[in-house]
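# Architecture and fold: a report
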Amino acid sequence: RHHHHQQIINQYTLEKSFTMKDSVSSGEGPKESETQQQEEQLEGDARNSDDVKKDKPSSTQYGWTDEEFEQHLHAELKKDLIYNDYKGVFDLAPKCISKWRQRYRGNPSLWKRIFQKQRVLKEFIEAAPIIDAVQKLVENSDLGDSKKYTIIDLACGRGYLSMILSELLPPEKVKKFVLVDKQWPMHGTDPKPSHISWTHIYGSFKECEDQSIPNYYETWPIPLNTSKQDLKSASGRRKMEQVYFQDGPIILVAVHLCGILSIKAVELFNNNPSVQFFVLKPCCLPGMVHAKRHEVFQLGPTHSFDAELVCMAGRWKKNVWRGPPRTQLKSYFERWAENLYLGIDDGDARKIQKHVKVQSKGGYQNEFLFAERLPGSELLWKDLFCQPIESIGEAENINVQ
């Protein structure tokens, strides 16, 4: 427990040196700009889930037992177009989510806030290629010398990706998760309504939380640690690197990063040799402000591109897209993902860009960028090269260097 407290003290020391605003920036897309609206809507959304309506403190009083709950989630996931391509993690996901349900049993209001079926399944499906790759890398790694991975989850939101991975990965190979988001409360302070609630991560481990609820922090198979960081702040990133990126090996995951946050994620990989494995799923395009300034984005030692090529007007507001038809943005997004891929420094690494159709109903954000410093995992890369996706009715699109 002393060790866990020391981790929190270290994060607080780092965060206290930052000057950050709690307000959410606009124009970059749903990941950051919708956080507060999603916080406010979740309680109401959860009441629309039939299985949540029946949730009571004892499994024998549930509408469903845990086994029935898992069967229901599995049946829902099997309907997805990429199920056959990632069957392993799809089959394991219901058990992981069921463990959340067991953890929060006796606290139905927290469970309702955390679990809204369609949202949680969507988060899982869109991260499935990343979960699959990280699982294969970790399980087949032989680090030796008692080393363990640290997994850093950028712009994590509530932390669903790390929550699943904590239940899925072998604790003997992963030391901890660092959940990075500018909307977390700062350690050592009382949370505000504008913050992402961390109750589901810590419970009564935090003295500022209700001490009558369980200590959730110590129930995670692999510890989850929140860190309030503004990835757009250059000084913030430097200080974050000093604290989190000095001791490897690190796995850096970045799902649904909006706007220039994707650039910052690539820079963190390029600038830190301790990052062994990097996965990025870009989200929204950069805002027009960068194009109006005639900015040129520089990534890596040799790659640069004009902001005008990838910037587009539009923003998310209360879960509604305000801007050009999203179908018109597809070519811009593909150009954006291509330039991010080219900006990954592969001087001491190998990389691959894959198109996996995780969005099938008008969505176009289906690009995944993987990079690993050499020497890498041959088994993982063989799998990345060979994974079929003919089942979605399209030929696989792979960019390799």
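Right above here is the structure, for reference.
Residues numbered from 1 in each chain as written. Predicted model: local features only at pLDDT ≥ 70, side-chain atom pairs only at ≥ 80, totals over all residues. Heavy atoms only, no water.

Moving on: the overall build of the chain. A tally of regular secondary structure across the chain gives 15 helices and twelve strands. Counting the 401 residues in the chain, one finds 56% classified as buried. A separation threshold of at least 6 residues defines the contact pool for the chain, and within that pool the share at least 24 residues apart is 72%. Total accessible area on the chain is roughly 16,900 Å²; 48% of this is exposed by carbon and sulfur atoms. (Helix = DSSP H or I, 4+ residues; strand = E, 2+ residues; numbered from the N terminus. Buried < 20%, exposed > 50% of the residue type's maximum accessible area, 1.4 Å probe, protein only. Contact = heavy atoms within 4.5 Å. Areas by Shrake-Rupley, 256 points an atom, 1.4 Å probe, with all protein chains shown as cover.)

With that settled, consider the environment of leucine 169. Looking at the secondary structure, you find leucine 169 in the loop between α9 (160-168) and β2 (174-180). Judged by its relative accessible area of 3%, leucine 169 is buried. Counting along the chain gives 33 residues from leucine 169 to lysine 136, while the straight-line C-alpha distance between them is 9.5 Å. Ignoring any residue separated from it by four or fewer positions in sequence, one finds leucine 169 in contact with Val134, Gln135, Val138, Ile151, Val174, Phe177 and Ile222.

Of the consecutive residues glycine 248 and proline 249, the connecting peptide bond is found in the cis state with omega at 0 degrees. Mapped onto the fold, proline 249 is located in the loop between α11 (234-244) and β4 (250-257). Proline 375 follows leucine 374 through a cis peptide bond whose omega is -5 degrees. Its location among the elements puts proline 375 in the loop between β11 (367-373) and α15 (378-386). Positive phi values are uncommon outside glycine, yet alanine 155 reaches one of about 45 degrees. Relative to the elements of secondary structure, alanine 155 occurs in the loop between β1 (149-154) and α9. A relative accessible area of 6% places alanine 155 in the buried class.

Moving on, we come to the nonpolar core. Counting 67 residues, the largest nonpolar core has Phe90, Trp100, Phe124 and Val134 as its most contacted members. In terms of residue count, the dominant contributor to this core is helix α8 (residues 117-139) (twelve residues). Of all hydrophobic cores here, the second largest spans 42 residues; its members include Ala155, Ile263, Phe297 and Tyr341. (Core = buried A, V, L, I, M, F, W, Y, C linked by side-chain atoms within 4.5 Å.)

As a further point, take the packing of aromatic side chains. Working definition: an aromatic ring pair is given by the centre-to-centre distance plus the angle between the planes. A complete count under the given rule lists 17 aromatic pairs for this structure. Plain terms: the ring middles of phenylalanine 277 and phenylalanine 370 are 6.5 Å apart, the flat faces sit at 35 degrees to each other, and that makes the pair tilted. Residue phenylalanine 277 is located in strand β5 (residues 275-282), and its partner phenylalanine 370 is located in strand β11; the two are separated by 93 residues in the primary sequence. Its relative accessible area of 0% is what places phenylalanine 277 among the buried residues. Positioned over the ring face of tyrosine 332 is arginine 335, at 4.9 Å from the centre of the ring. Lying over the aromatic face of phenylalanine 269, arginine 373 brings its terminal NZ or CZ to 4.1 Å of the ring centre. (Phe/Tyr/Trp six-rings, centres within 6.5 Å; stacked < 30°, edge-to-face > 60°. Lys NZ or Arg CZ within 6 Å of the ring centre and 35° of its normal.)

What follows concerns the pattern of salt bridges. Tallied over the full model, the rule gives eleven salt bridges. One salt bridge connects lysine 95 with glutamate 70, and the closest N-O pair in it is separated by 3.3 Å. With lysine 95 in helix α6 (residues 87-103) and glutamate 70 in helix α5 (residues 66-77), the pair connects residues that are 25 residues apart, well separated along the chain. Lysine 122 is the salt-bridge partner of glutamate 126, the closest N and O atoms lying 3.2 Å from each other. Within this pair, glutamate 126 and its partner lysine 122 are both found in helix α8, separated by four residues, close to a single helical turn. Here lysine 122 falls in the partly exposed class, since its relative accessible area comes to 48%. What emerges from the salt-bridge pattern is a single network uniting Asp66, Arg101 and Arg105. (Salt bridge = Lys/Arg side-chain N within 4 Å of Asp/Glu carboxyl O.)

Look at helix α12 (residues 261-271) against helix α14 (residues 330-343): their axes get within 10 Å of each other, and the N-to-C directions meet at 15 degrees. By the angle class used here, α12 and α14 are roughly parallel. Between α12 and α14 lies a crossing whose hand is right-handed. On α14, the residues touching Ser262, Ile263, Val266 and Asn270 of α12 are Trp336, Leu340 and Gly343. Per-class residue counts for the contact of α12 with α14 are four nonpolar, three polar and no charged. (Axes fitted to C-alpha atoms, helices over the stretch in contact; angles between N-to-C directions. Parallel < 35°, antiparallel > 145°, perpendicular 65-115°, else oblique. Left-handed = near helix turned anticlockwise from the far one by under 90°. Nonpolar A, V, L, I, M, F, W, Y, C, P; charged D, E, K, R; others polar.)

On the surface, Arg315, Lys317, Lys318 and Arg322 cluster together into a patch of positive charge. Mapped onto the elements of the fold, lysine 317 is located in strand β8 (residues 315-317). Take lysine 317: its relative accessible area is 44%, and that puts it in the partly exposed class. (Patch = residues over 30% accessible without salt bridge, like charges linked within 9 Å, V, L, I, M, F, W, Y side chains within 5 Å. Lys, Arg positive; Asp, Glu negative; His and termini not counted. Charge placed at Lys NZ, Arg CZ, Asp CG, Glu CD.)

Our focus in this paragraph is the packing of α6 against α9. Relative placement of two packed helices is described by the angle separating their axes and the distance separating the axes. Two elements in contact, α6 and α9, have axes separated by 9 Å at closest approach and are oriented at 100 degrees. By the angle class used here, α6 and α9 are roughly perpendicular. When α6 is examined against α9, the residues Leu92, Cys96, Lys99, Trp100 and Arg103 are found in contact with a partner set consisting of Tyr160, Met163, Ile164, Glu167 and Leu168. Taken together, the residues of the contact of α6 with α9 break down into seven nonpolar, no polar and three charged.

Before going further, it helps to examine α12. For α12, a buried count of nine out of eleven residues is recorded, marking the element as mostly surrounded by other parts of the structure. Of all the positions in α12, only Leu261, Ser262, Ile263, Lys264, Ala265, Val266, Leu268, Phe269 and Asn270 are classed as buried.

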